[in-house]
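Okay, here's what each chain looks like letter by letter:
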Amino acid sequence: MVRAATKLGSVTEGTVILTVNGVQREVFVDNQTTLLDLLRDHLDLTGTKKGCDQGACGACTVHVDGKRIVSCLALARQYDGRDVTTIEGVAAEGELHPVQEAFVRHDGLQCGFCTPGQIMSAISLLEEGRASTDEDIREFMSGNLCRCGTYPNIVAAIRECADRDGDR
Amino acid sequence: MTATINDRLLGQPFDRLDGVLKATGAAPYPSDVSIPGQAHAVLLQSPIGAGRIRAIDSTAAEAAPGVVAVITHLNSPALGEAPMTGLGGPPRNPFTDDRVLHYGQNVAVVVAERREQAMAAALLVDVDYEVSAPILDMDDPRAAVENNAWGLETHDGDVEAALAGAQVTYDGTFRIAPETNNPIGLFTTVAEWDGDRLTIHDSTQWPMMVRASLAAVFGVPEAGVRVLVPYLGGGFGNGLRTWPHTILTALAARMLGRPVKLTLTRPQMFTSLGHRAQSRQRLRLGVGGDGRMLAMDHDATASLAAEETNFSAIVIGSPEAYATPNVATHDRQVRLNIPNPSFMRAPGHAEANFAIESALDELSYQLGIDPVELRLINHADVHPRSGLPWSSNALRECLTVGAEQFGWNDRNPEPQSMRDGNKLIGYGMAGVTFGWYAAPCTATITMDSAGSVIVRAAATDIGTGTYTVAAQLTADLLGLSMDDVTVKIGDSDLPPAPQSGGSGLAVALAAAVQSGAAKLIEALIDAVGDSSPLRGKTVDEVVAENGGLRLRDDADAGETFREILGRHGLDHLTAEGTSDLAAAAKNAKMATAPAFAARFVEITIDEDLGLLRVKRLLSVVDGGRLLNAKTARSQIIGGAVMGIGMAMFEDTIYDQDTGRIANATFGDYLVPVNADVPDLDVVFVGEPDRFSPTGVKGLGEVGVVGVAAAIANAVYHATGRRMRSLPITIDQLM
Ligand code: FES
Ligand code: FES
């Protein structure tokens, strides 16, 4: 295995129209572009992070039609017409989302690189009602790696939000 | 003359100042930087572990859509050599010649208009390799060995005689797998030249070092190189060198005359940056029947790259761990065809602690002495080599408070004696000593006419909380509120500061800020009018509070900063603070104390499946004076999580035929996930350090030390099986 023998499949380009954080966006991309790269490179929404580009770290988590996905494994062209929310879109009118606020207060972030993905996952978890026990929080947050090791503080932040929502 | 710490703000658990930026995705990391007109570079790395490049044909790649250049050793200009730093020599320069020394060595840089185009074109570069057999085994007789490369060995007393005379002897060998730092932030460089001036956004923990390296490599004036890193997506030691990809990005930008951006892929994070060396340690101890350690012979071998250096010795801290009269340490590095090992959180100390603290656990059973008691018996009341008193040391308290809070006495010391259904329960503990380090540091404090200040230093915040603690300390020293202080770091144009590394930044920067605050107060006193009650006073005679200065012994005699600056129409006043604690330590007549700690852990093991889980983990830490109780705790829990990884998961696997890293993804290289980590308790004990001017100690690394030993000792307690090899995997427990 000294060099790749194959050429990539043919590259085509096209327009995707999607709603991002409530605003309709029209983006011209090629068929290799991921949703993550569309957000970061084409729309300059760099809050969503790339930690692996392989679906294994969760840093790129966004919501599509209200469900969390890892945007590095999503090809942008397949998301035509969909409704995407990123970390830039969760705070209403300059007010932090309660989950963001809880992450800051519980120090659920250190370097902060995994944080946007963690928060997007945490918001989903709470909306799905899957944060009713600490075990559930830990289990369902395990797709989001944090190398700084903030896990106990992340659990504390989500626990507090769940308690306030009356989910537990 | 010092500025007084008021303890008004210092130590308070303030939220991180950059917390909101990070929680909203607004904090700019190097990978978020884009410069108009930038081209994108990707690396092509060697798929072989050793050999030679016979030929490179880049014609097809050059003709591919969007490609602007393919750079290899054949068409790149000669580069200068980066200087030695306080942390050893630079990595081998990229594109030096046609030799391949490890899997994942940079072979070509492909630059294109878009990243996808560069990635596609990289697959078209045709490299013809002459493959030779890589040396990958530390026992391979062909492997070159460096003995005591850094002069860090200790030979004190007569170890062999003391071993021969000891009532009980211990002889054990420990192995630790190579670990890869793997910060979540992919290391990125964005380089832009303007003539001989270079602006570079780079994932680094040490902007000043990158500046010096790049200036030397490209033969340009240091002052014209600006390194920017306001935020870093973690480093854990990865950002303490100027790695080849950084040089190659700057090289591409220089050759093309346009900005170039390069982001490593996750697999390239394994091959392009450092990692914790693979290691083997033999530890021999001689102990009296009373448990007193009489002799220690600690012999460590670590992996090293074929032609690079790694300023590290596993045994560096062993001679000062306990009150052992006779100590010999041996440091050996074995050259392999692997990417260069470098620093990973608590390098050396984390590995050595595993051996020493496991050995003490074994001895506790042999001697019938409780493990906590055995540590107390051997506690170094003074520095064991110099005999000097410690500048602070609350290790005894760490051990006793920890035992108390953990409920250590509930432990039935008999192995396999505690269970919960089909789960074996194990209690384990470890003592933790660390190394003291501080490098020279500068910081300026500028006050404006409204009494607000800006603190400047070329330091970094790698998740450690530098922004927050620097603001807190400054506000405390100057009697300001947190809102009055802005911290500017992450830029090599700022006053020179050392790396975030060696747990040395907080100590050095805090001392520099304190010195700067004192000089600012002095300058303010100099600026008061003749009728001011502050006229002619010294810094020690005044107190900074409520946005002004007043006499220490008269609360009503003072002036606000506004008044003082306004009188002269000064729109700002700047003072520069410095610290050089390593130099000061030479005359201190005390042993400069690092952080100390004790760790207590409860684990469970499913008897049928061999499944190991950490149930609770308590860290008791002597961290001196805390700058911020919240971020200090986060440093300790973060280290503990990495310690769990070291104990249970992390292993960089080299294919023994090719040198390929077989698990260079997050799918295959396991790091702890949320479900692997219980709530982690942290208790701080001790007093402000007497030597550190602010009383502060470094906490960035000590959190990782001792976790692996405590877990391994708990596994022994649960199962009766001694784990001398990390990570402890299920096959060892079945
Ligand atoms: S970047 Fe998408 S999961 Fe890691
Ligand atoms: S905060 Fe650094 S990776 Fe999670």
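Residues numbered from 1 in each chain as written. Chains lettered and ligands numbered in written order. Predicted model: local features only at pLDDT ≥ 70, side-chain atom pairs only at ≥ 80, totals over all residues. Heavy atoms only, no water.

### What to know about the environment of threonine 560 of chain B
Its place among the elements puts threonine 560 of chain B in strand S26 (residues 554-560). Non-local contacts of threonine 560 of chain B, meaning those with residues more than four positions away in its chain, are made with Gly547 and Gly548 of chain B. (Helix = DSSP H or I, 4+ residues; strand = E, 2+ residues; numbered from the N terminus. Contact = heavy atoms within 4.5 Å.)

### Details of the packing of aromatic side chains
Inspection of the entire model under this criterion finds 15 aromatic pairs over all chains. With a centroid separation of 6.4 Å and 50 degrees between ring planes, the pair formed by phenylalanine 406 of chain B and tryptophan 408 of chain B is classed as tilted. There is no split in this pair, since phenylalanine 406 of chain B and tryptophan 408 of chain B are both buried. Among the aromatic residues, ring-to-ring pairing joins Phe113 of chain A together with Tyr29, Tyr231 and Tyr467 of chain B into one connected group. Over the ring of phenylalanine 113 of chain A we find lysine 49 of chain A, and its NZ or CZ is 5.8 Å from the ring centre. (Phe/Tyr/Trp six-rings, centres within 6.5 Å; stacked < 30°, edge-to-face > 60°. Buried < 20%, exposed > 50% of the residue type's maximum accessible area, 1.4 Å probe, protein only. Lys NZ or Arg CZ within 6 Å of the ring centre and 35° of its normal.)

### Focus: the pairing of strand S4 (residues 67-70) of chain A
Two faces make up the sheet, and in a regular strand the side chains alternate between them. Residues and elements named next belong to chain A. Across 4 bridges, the pairing between strand S3 (residues 61-64) and S4 is antiparallel. By the bridge assignment for S4, valine 62 is matched with isoleucine 69. Where S3 folds back onto S4 in an antiparallel hairpin, the turn is made up of 2 residues, including aspartate 65, whose phi is positive at roughly 50 degrees. (Pairing = 2+ DSSP bridges.)

### Description of a negative patch on the surface
Together, Asp540, Glu541, Asp553, Asp554 and Asp556 of chain B make up a negatively charged patch on the protein surface. For aspartate 554 of chain B, the location among the structural elements is in strand S26. (Patch = residues over 30% accessible without salt bridge, like charges linked within 9 Å, V, L, I, M, F, W, Y side chains within 5 Å. Areas by Shrake-Rupley, 256 points an atom, 1.4 Å probe, with all protein chains shown as cover. Salt bridge = Lys/Arg side-chain N within 4 Å of Asp/Glu carboxyl O. Lys, Arg positive; Asp, Glu negative; His and termini not counted. Charge placed at Lys NZ, Arg CZ, Asp CG, Glu CD.)

### Focus on unusual backbone geometry
All names here are of chain B. Omega for the bond connecting leucine 726 with proline 727 falls within 30 degrees of zero, at 0 degrees, which places this linkage in the cis form. One can find proline 727 in the loop between strand S31 (725-726) and helix H17 (730-733). Non-glycine residue asparagine 148 carries a positive phi angle of around 45 degrees. Looking at where asparagine 148 falls in the secondary structure, it is placed in the loop between strand S7 (145-147) and strand S8 (155-156).

### Notes on the interface of chain B and chain A
Of the residues lining the interface, 62 residues belong to chain B; the matching set on chain A comes to 54 residues. Between chain B and chain A, a total of about 4700 Å² is buried, with carbon and sulfur atoms accounting for 56% of that surface. Three residues stand out in chain B for area buried against chain A, namely Ala23, Ile184 and Asn674 of chain B, and they jointly supply 15% of the buried area on that side. The tally of links from chain B across to chain A stands at 9 salt bridges. We note a salt bridge from aspartate 37 of chain A to arginine 115 of chain B, for which the minimum N-O separation is 3.1 Å. Inspection of the chain B/chain A interface yields 28 residue pairs in polar contact (both at pLDDT 80 or more). Put simply, the parts of the chain that give the side of chain B that touches chain A at least two residues each are helix H1 (19-23), helix H3 (115-122), strand S6 (126-131), helix H7 (266-271) and helix H15 (629-648) of chain B. The dominant element in the side of chain B that touches chain A, judged by the number of residues it contributes, is H15 of chain B, at 9 residues. Here the side of chain B that touches chain A is composed, by residue class, of 31 nonpolar, 18 polar and 13 charged. (Buried area = accessible area lost by both parts, 1.4 Å probe. Polar contact = N/O pair within 3.5 Å; in protein donor to acceptor, adjacent residues only side chain to side chain. Nonpolar A, V, L, I, M, F, W, Y, C, P; charged D, E, K, R; others polar.)

### Considering the domain arrangement of chain A
Residue and element names in this part refer to chain A. Once the domains are mapped, chain A shows domain 1 (3-89) and domain 2 (98-165). For domain 1 and domain 2, the distance between their C-alpha centroids amounts to 23 Å. Facing the 16 residues of domain 1 at the interface are 16 residues of domain 2. Of all residues in domain 1, the largest losses of buried area upon contact with domain 2 belong to His63, Arg68 and Ile87, amounting jointly to 47% of the total for that side. Broken down by element, the residue count for the side of domain 1 that touches domain 2 peaks at 3 residues, all from S3. Looking at side-chain class alone, the side of domain 1 that touches domain 2 contains 5 nonpolar, 8 polar and 3 charged residues. (Domains from an automatic or database assignment.)

### Focus on helix H1 (residues 35-42) of chain A
Because an α-helix completes one turn every 3.6 residues, residues spaced three or four positions apart along the sequence face the same direction. Residue and element names in this part refer to chain A. Taking burial as the measure, the 8 residues of H1 include 6 buried ones, the bulk of the element. Along H1, the positions that sit buried rather than exposed are Leu35, Leu36, Asp37, Leu38, Leu39 and Arg40. Of the residues flanking the end of H1, it is aspartate 44, one or two places downstream, whose phi is positive at about 55 degrees.

### What about the packing of helix H5 (residues 207-218) of chain B against helix H6 (residues 244-256) of chain B?
Residues and elements named next belong to chain B. Closest axis-to-axis distance for the H5/H6 pair is 11 Å, and the angle between their directions is 50 degrees. In terms of orientation, H5 and H6 fall into the oblique class. H5 and H6 meet at a crossing whose hand is right-handed. Residues Leu214, Val217 and Phe218 of H5 lie in contact with H6, whose contacting residues are Thr246, Ile247, Ala250, Leu251 and Arg254. The residue makeup of the contact of H5 with H6, split by class, is 6 nonpolar, 1 polar and 1 charged. (Axes fitted to C-alpha atoms, helices over the stretch in contact; angles between N-to-C directions. Parallel < 35°, antiparallel > 145°, perpendicular 65-115°, else oblique. Left-handed = near helix turned anticlockwise from the far one by under 90°.)

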